[in-house]
Amino acid sequence: MLTLTMAACGQQGTSTATTAPSAAPAASAAPTAAPVTRGQGGDLKILYWQPPTILNQHQATGTKDADAARLVLEPLASWNPEGKPVANGLASEIPTVANGGVSADFTTVTWKLRTGVKWSDGTAFSADDVVFTYQYMKDPKSAVTTSDYVDGIKSVVAKDANTVVVTYDKPNPFFYQFGVSGSGAILQKAQFGAFVGEKAKDAPGNLRPIGTGPYVVKDFKPGDTVLYEINPNYRDANKPFFKTVTFKGGGDAATAARAVFQTGDVDYAWNLQVEANILSPMSKASTVGELFTVYGASIERLLFNFANPDPALGDKRAEPDTKHPFLTDLAVRRALAMATDRGTMAKELYGDGLSGKSTCNLITAPPDLVSKNTDSLDVCKYDIAAANAELDKAGWVKGADGIRAKGGVKLHVLYRTTVNALRQKEQDIVKAGWKQIGVDVELASVPAGTFFTNTSPDGANHFFADVEMYTNSGDPDPTALLASGWGTENIAQKSNTWQKGNYARYSNADFDKIIADLKKETDTAKRAALVIAANDHLVKNVVIVNLINRTFATSGRAKTLKGVNPTPWDSEMWNIADWSK
Amino acid sequence: MAAPATQLSGPAALSAFSRPARSLWGDAWHQFRRHRLAMAGLVSLIFLVVATLLGPYVWTVSTSEIDFTQSLLGPGFAHPFGTDDLGRDLLARAMSGGRVSIAVGVSAVLLAITLGTTIGSLAGYFGKLDNPLMRLTDVFLSLPVLPLLLVIIYLFKDTLRQLFGAEAGVFIMIVSVIGILNWMPVARLVRASFLSLKQKEFVEAARAIGDPDMRIIIKHILPNVLSPVLVAATIGVGNAILTESTLSFLGLGFPPDVPTWGRLLFDAQNYLDFAPHWALFPGLCIFVTVLSINFIGDGLRDALDPRKSS
Amino acid sequence: MGRYILRRLLVAIPTLIVISFIIYAVLALSPIDPLSAFGADPRVPPEVRENIRRSLGLDQPWPIRYVKWFTALIQGDLGYSFMSHSPVIGLIVQRLPNTLAVVGVAYVIGVLIALPVGMISAVKRYSLVDQVATTFAFIGFSTPTFFTGLLLIIIFSVNLHWLPFIYNSNLKIEDLGSFLQQVKQSIMPITVLGLFDAAVLTRYVRSEMLEHLPLDYVRTARSKGLRERAVILSHVLRNSLIPVVTLIALGVPAVFAGAIVTEQIFRVPGIGEMLVRAIFDGDIPVVAAVVFLFSVLVVSFNLVADVLYAVLDPRIKYT
């Protein structure tokens with residue numbers, strides 16, 4: 001009666017990532033497979049173990065929604081796997097400073113739209129739809145999940161039917177913020193016009209959007225299946241190849257892997273993040289399917305609590321004005337970092353690059369933001385002897401029970417994460433290492449839903465534990481990640497109902513200064529230096545222990561399926577029009 | 001020492017031939033011993049309990065030591081039950097996990113059965129209590145289990161932890177949660193039998209000779225409703241052992257590194273094709289436990305059956 | 001009897017009101033939260049979360065939300081899902097056929113297996129049939145359904161390639177071919193659930209029959225010269241049915257609520273799968289509606305069971 005299974009809930013949050021602006025746009029659209037004929041293929045079967053419940057990126061609560069909507073609703077442009085913008089959406093070209101599309105001071109961006117594009121209902125697409133989408137996203141009552149992407153925009157104006165001008169409040173080095181990638185999906189004004197603000201949730205278009213993408217929704221059963229057929233008005237007469245698409249949701253990642261690798265029941269199975277020793281033999285032995293992965297900025301890491309989570313404190317528990325009894329001691333944090341065997345974790349659980357690789361950095365993409373200073377640090381090396389020495393030196397002495405203590409404070413750690421087979425094994429590995437340096441570890445795991453809410457005492461943001469572990473699908477422009485994660489003004493606490501992002505209650509003037517500078521800086525090279533400085537600060541001071549750079553996409557596809565070219569900065573479905581068999 | 005023994009030999013020898021006066025329970029035990037399957041069940045259950053309690057002192061391999069060079073080994077001399085994917089010894093894990101699983105299974109079921117039988121008997125026997133108690137049962141049957149569990153964790157986890165410590169607090173919580181959420185079918189079953197039995201002649205007779213209600217319920221009717229209760233109990237034990245692992249996925253159970261049988265099974269599921277031993281042994285342990293309890297129950301019922309006494 | 005039923009129906013109303021209140025209170029107090037899906041994503045800042053919370057009406061205190069929900073409920077409106085923003089009733093109607101086709105059919109099959117097997121097990125106690133049935137039943141309770149499900153998938157889908165394990169809810173049964181397809185895709189989930197239900201019920205039927213077989217009235221019936229078959233069927237079985245009726249009455253609402261694990265493994269989009277997902281997604285309107293409908297069925301079927309007791313055993317009288 002009480003039985004249930006927990007879906008492995010690895011990645012949280014939407015996939016609508018963006019990237020730092022890149023100076024030169026890619027010369028052409030995404031690489032395409034051999035020329036194809038529209039509708040020549042039969043049914044394409046896609047399996048997501050989380051089912052889509054809504055088909056509108058702006059109302060999406062997860063990757064599964066944004067991905068299912070991506071077949072229908074398109075943005076102006078997208079990012080290719082190398083992080084360069086490509087004009088494969090509604091814009092006819094990528095605006096740059098060189099071609100005059102972007103003003104020299106980075107405040108205005110002028111988008112030229114394709115001409116002759118029709119919505120799937122046959123009406124003409126125009127700049128008004130883009131302006132409307134901006135207004136829809138901007139209205140706080142619409143409560144869109146993508147509203148961060150219209151933050152700081154002064155106006156979006158239709159200069160003519162095929163030209164849109166985006167003006168930012170102040171110089172914005174991230175000038176492709178609006179309109180690019182899934183978060184910039186353009187809605188049809190005619191369909192959504194009456195549903196701005198409070199009524200946004202009731203729009204019938206949320207379940208049956210009219211789009212410009214290669215497919216239209218034929219039937220949608222929320223939480224189960226979406227059936228698509230070709231959009232007769234799609235702008236490329238030769239595409240898409242598949243006549244229909246069946247987008248099925250539900251189940252769990254491990255059996256989804258079976259469906260693509262062992263039985264061949266599906267052509268594409270999304271997010272197969274299970275232990276490497278399950279995934280690897282299955283994919284290697286497969287005659288019908290193969291695994292493909294893409295790295296992005298998803299970092300699995302340990303977070304230390306700088307406040308005191310002792311329940312005896314009552315209302316003061318884990319409030320920022322309390323002090324953690326031992327994690328505020330740099331020596332303890334350093335020792336814990338050195339006793340963490342991320343190499344074994346990467347090798348045994350992630351198959352050494354199959355679905356993740358070890359990292360000591362928080363920022364791992366794009367390449368120019370990645371610090372090269374951390375590899376040589378002692379806190380980035382697994383060294384039990386050095387960790388023991390560090391604790392000995394700091395006066396933490398092993399008691400009769402083998403647990404270290406100092407001044408009556410025992411090194412007893414409550415280490416919490418989400419319920420997920422892979423994570424529980426990571427916990428086991430970390431615990432085994434820490435045990436060797438005389439740290440007693442109590443493991444705890446809670447369902448992802450409970451972990452990621454601000455209303456649960458078991459939540460990550462309450463942080464009523466000493467150490468916690470989860471993945472942040474990082475933003476390639478990491479300012480928001482760094483500021484919200486460790487800035488003093490963003491400390492999660494009772495007074496802000498734990499809604500802010502600094503769960504560690506970390507407060508440091510040097511770090512705050514770096515962030516303040518980063519927010520002002522517009523020069524690309526200087527920005528990169530600041531991001532690296534922030535990354536190094538967090539690693540050197542062991543504010544976090546980064547473990548694994550997890551693959552952003554870890555999906556399976558039929559060997560016969562061609563043209564799949566996932567990018568870490570957009571939905572995996574971004575170029576479905578190019579897929580063929 | 002020898003002398004007194006010879007002195008006593010007379011009366012002792014005598015008693016072996018004459019049938020001694022036995023209590024109800026003594027009589028039942030006599031009956032029970034003659035039930036071969038029940039004895040086999042009892043022996044294997046005792047074996048499992050002893051093995052889980054004392055086994056770790058004999059088989060001193062660590063339950064938590066990780067060794068990737070030894071991962072996913074089949075049963076062998078060094079690891080009789082094989083190893084899991086982190087190279088941990090599964091025999092050691094099954095033994096240490098068995099303590100929790102058996103304790104949780106048996107205690108939770110005892111709680112559920114006690115609650116269910118009490119409520120069911122009262123409702124079935126006393127017409128006035130029937131409606132309120134059965135509506136209470138309806139309420140409990142209707143409760144949304146998962147959200148309720150989350151509320152319970154939210155409200156009581158820290159309190160129990162502080163009162164009883166981490167392990168005992170969790171144990172009490174798990175047992176009460178499983179017990180409190182599973183008494184309703186037993187109550188409905190017991191009540192239904194009571195409704196039917198209380199109209200029977202033997203109850204009328206007991207009432208006619210002035211037996212008090214409680215005596216009628218306990219002495220006359222209850223022994224006759226034992227069989228569905230025992231079935232519910234055997235099914236309940238297996239269910240409770242598996243439920244325990246489910247609860248830990250809600251953050252309600254033991255820490256994730258406590259290897260209970262249910263958790264071992266759950267962890268093993270995706271390795272079913274290439275490491276079936278991982279699932280086989282914990283599965284077998286649960287099977288043997290449940291089967292033993294069933295046969296003990298069978299024997300107990302036969303032994304306590306007033307009509308079957310020799 | 002008529003008056004009893006009428007009285008029970010009247011009592012059912014306040015009972016259901018109390019249940020609805022408790023359900024809502026439990027949901028409101030539990031930490032389930034529709035915003036947890038955003039995780040720790042810095043791209044969904046606190047202001048946006050607050051906006052979403054407000055747009056879902058979650059900024060109001062829960063007693064007020066309860067009153068609103070209940071008022072709509074008695075007018076037949078089950079509300080809108082937080083996740084798909086579509087009417088909850090539509091989602092239930094969409095999924096009920098799948099649940100009935102799999103969980104319902106499995107339950108019926110389970111009952112149909114349990115009655116004869118339980119009877120034979122009891123009449124021929126410790127015979128080969130009994131031993132085999134007992135062993136199977138106990139494997140049934142000691143193996144979780146996720147396990148049996150996976151085992152079947154590995155055997156019949158992965159190794160033999162006989163059966164699909166991804167349930168297609170868009171299959172329309174129009175001809176023999178599509179009917180066979182439906183059989184093929186539901187045979188594994190039905191087996192998993194049907195065997196489990198059968199295992200449980202068999203034990204009850206068996207033990208209850210064993211209880212009645214040695215009783216005086218059976219001896220009397222036999223001595224009247226009735227054939228053994230008639231004795232078993234018309235006397236023993238009838239008198240053994242009270243617990244079975246109780247269990248079936250408890251089982252039918254559970255069919256509606258679906259079989260969470262099995263539905264998930266075989267990707268059957270049923271009510272159980274929807275319920276568990278709604279719980280973890282914090283989709284309160286869906287959870288509240290499903291649980292409330294479930295409680296209506298619990299109350300109704302327990303009444304049906306009580307009526308059936310009196311039919312099976314005319315001596316049972318309700319006051």
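Rules used throughout
Residues numbered from 1 in each chain as written. Chains lettered and ligands numbered in written order. Predicted model: local features only at pLDDT ≥ 70, side-chain atom pairs only at ≥ 80, totals over all residues. Heavy atoms only, no water. Axes fitted to C-alpha atoms, helices over the stretch in contact; angles between N-to-C directions. Helix = DSSP H or I, 4+ residues; strand = E, 2+ residues; numbered from the N terminus. Parallel < 35°, antiparallel > 145°, perpendicular 65-115°, else oblique. Left-handed = near helix turned anticlockwise from the far one by under 90°. Contact = heavy atoms within 4.5 Å. Nonpolar A, V, L, I, M, F, W, Y, C, P; charged D, E, K, R; others polar. Domains from an automatic or database assignment. Buried area = accessible area lost by both parts, 1.4 Å probe. Salt bridge = Lys/Arg side-chain N within 4 Å of Asp/Glu carboxyl O. Polar contact = N/O pair within 3.5 Å; in protein donor to acceptor, adjacent residues only side chain to side chain. Buried < 20%, exposed > 50% of the residue type's maximum accessible area, 1.4 Å probe, protein only. Pairing = 2+ DSSP bridges. Phe/Tyr/Trp six-rings, centres within 6.5 Å; stacked < 30°, edge-to-face > 60°. Lys NZ or Arg CZ within 6 Å of the ring centre and 35° of its normal. Expected span 1.5 Å × (residues − 1). Bend = angle between axes of the 7 residues up to and from the residue. Core = buried A, V, L, I, M, F, W, Y, C linked by side-chain atoms within 4.5 Å.

1. Considering the packing of helix α3 (residues 36-58) of chain B against helix α4 (residues 90-125) of chain B
Any two packed helices are characterised by the angle at which their axes cross and by the distance between the axes. Residues and elements named next belong to chain B. At a closest axis distance of 8 Å, the pairing of α3 and α4 adopts a crossing angle of 135°. Taken together, α3 and α4 sit at an angle that is classed as oblique. Viewed along their axes, α3 and α4 form a crossing whose handedness is left-handed. Contacts between α3 and α4 involve Leu48, Val49, Ala51, Thr52, Leu53, Gly55 and Pro56 on the former and, on the latter, Met95, Gly98, Arg99 and Ile102. In terms of residue class, the contact of α3 with α4 is built from 7 nonpolar, 3 polar and 1 charged.

2. Structural notes on the domain arrangement of chain C
Residue and element names in this part refer to chain C. Assigned domains of chain C: these are domain 1 (2-73) and domain 2 (96-312). On a C-alpha basis, the centres of domain 1 and domain 2 stand 32 Å from each other. Taken together, the contacts link 18 residues of domain 1 with 17 residues of domain 2. In total, about 1500 Å² of surface goes out of reach between domain 1 and domain 2, with carbon and sulfur atoms giving 80% of it. Between aspartate 306 and arginine 8 there is a salt bridge, with its nearest N and O atoms 2.6 Å apart.

3. Notes on the interface of chain B and chain A
Taken together, the contact between chain B and chain A spans 36 residues of the former and 38 residues of the latter. Roughly 3000 Å² of surface becomes buried between chain B and chain A when both sides are summed, with 60% attributable to carbon and sulfur atoms. Seen at the junction of chain B and chain A, the total is 4 salt bridges. For Asp257(B), the salt bridge goes to Lys431(A), with nearest N and O atoms at 2.4 Å. The tally of links between chain B and chain A comes to 7 residue pairs in polar contact (both at pLDDT 80 or more). Of all the elements in the fold, those that place two or more residues in the side of chain B that touches chain A are α6 (145-181), α10 (226-249) and α11 (261-268) of chain B. The biggest single contributor to the side of chain B that touches chain A is α6(B), with 12 residues.

4. Details of the pairing of strand β4 (residues 108-112) of chain A
All names here are of chain A. Of the two faces of β4, the one holding Val109 and Trp111 is buried and the one holding Thr108, Thr110 and Lys112 is not buried anywhere. Sheet topology note: the β4/strand β6 (residues 163-168) ladder contains 5 bridges and is antiparallel. Opposite threonine 110, over in β6, you have valine 165 as the bridge partner.

5. Here's the deal with the packing of aromatic side chains
For the structure on display, the rule yields 40 aromatic pairs over all chains. A ring pair is formed by Trp79(A) and Tyr176(A), whose centres lie 5.7 Å apart and whose planes are at 75°; its orientation type is edge-to-face. Note that Trp79(A) is positioned in strand β2 (residues 78-79) and Tyr176(A) in the loop between β6 and α3 (189-192), a separation of 97 residues in sequence. Look at Trp79(A) and you get buried, because its relative accessible area is 0%. Taken together, the ring pairs in this structure connect Phe21(C), Tyr24(C), Trp62(C), Tyr66(C), Trp69(C), Phe70(C) and Phe292(C) into an aromatic cluster. Cation over ring: Lys357(A) sits above Tyr295(A), and NZ or CZ is 3.9 Å from the ring centre.

6. Points about helix α9 (residues 228-257) of chain C
The α-helix advances 3.6 residues per turn, and as a result positions three or four apart in sequence lie on the same side. All names here are of chain C. Between its first and last C-alpha atoms α9 spans 40 Å; for 30 residues at 1.5 Å apiece the expected length is 44 Å, and the two agree. A bend of about 45° at leucine 237 is the largest found in α9. Phi turns positive, to about 85°, at glycine 258, one or two residues after α9.

7. Focus: the nonpolar core
Membership of the largest hydrophobic core comes to 264 residues, with the highest contact counts inside it found for Ile46(A), Trp111(A), Phe178(A), Tyr228(A) and Trp579(A). Built from parts of two domains, this core gets at least three residues from each of domain 1 (2-73) and domain 2 (96-312) of chain C. Apart from the residues within four sequence positions on either side, Phe178(A) is in contact with Trp111(A), Val130(A), Tyr134(A), Met137(A), Tyr149(A), Val150(A), Ile153(A), Val156(A), Val166(A) and Tyr168(A).

8. Description of the side chain of Gln185(C)
All names here are of chain C. Tracing the backbone through its elements, the reader meets glutamine 185 in helix α7 (residues 176-212). Residue glutamine 185 is classed as buried on the basis of its relative accessible area of 6%. Reaching out from glutamine 185, the side chain makes a polar contact with the side chain of glutamine 182 at a distance of 2.9 Å. Other than its neighbours up to four places away in sequence, glutamine 185 contacts Pro164, Ile166, Tyr167, Asn168 and Leu171.

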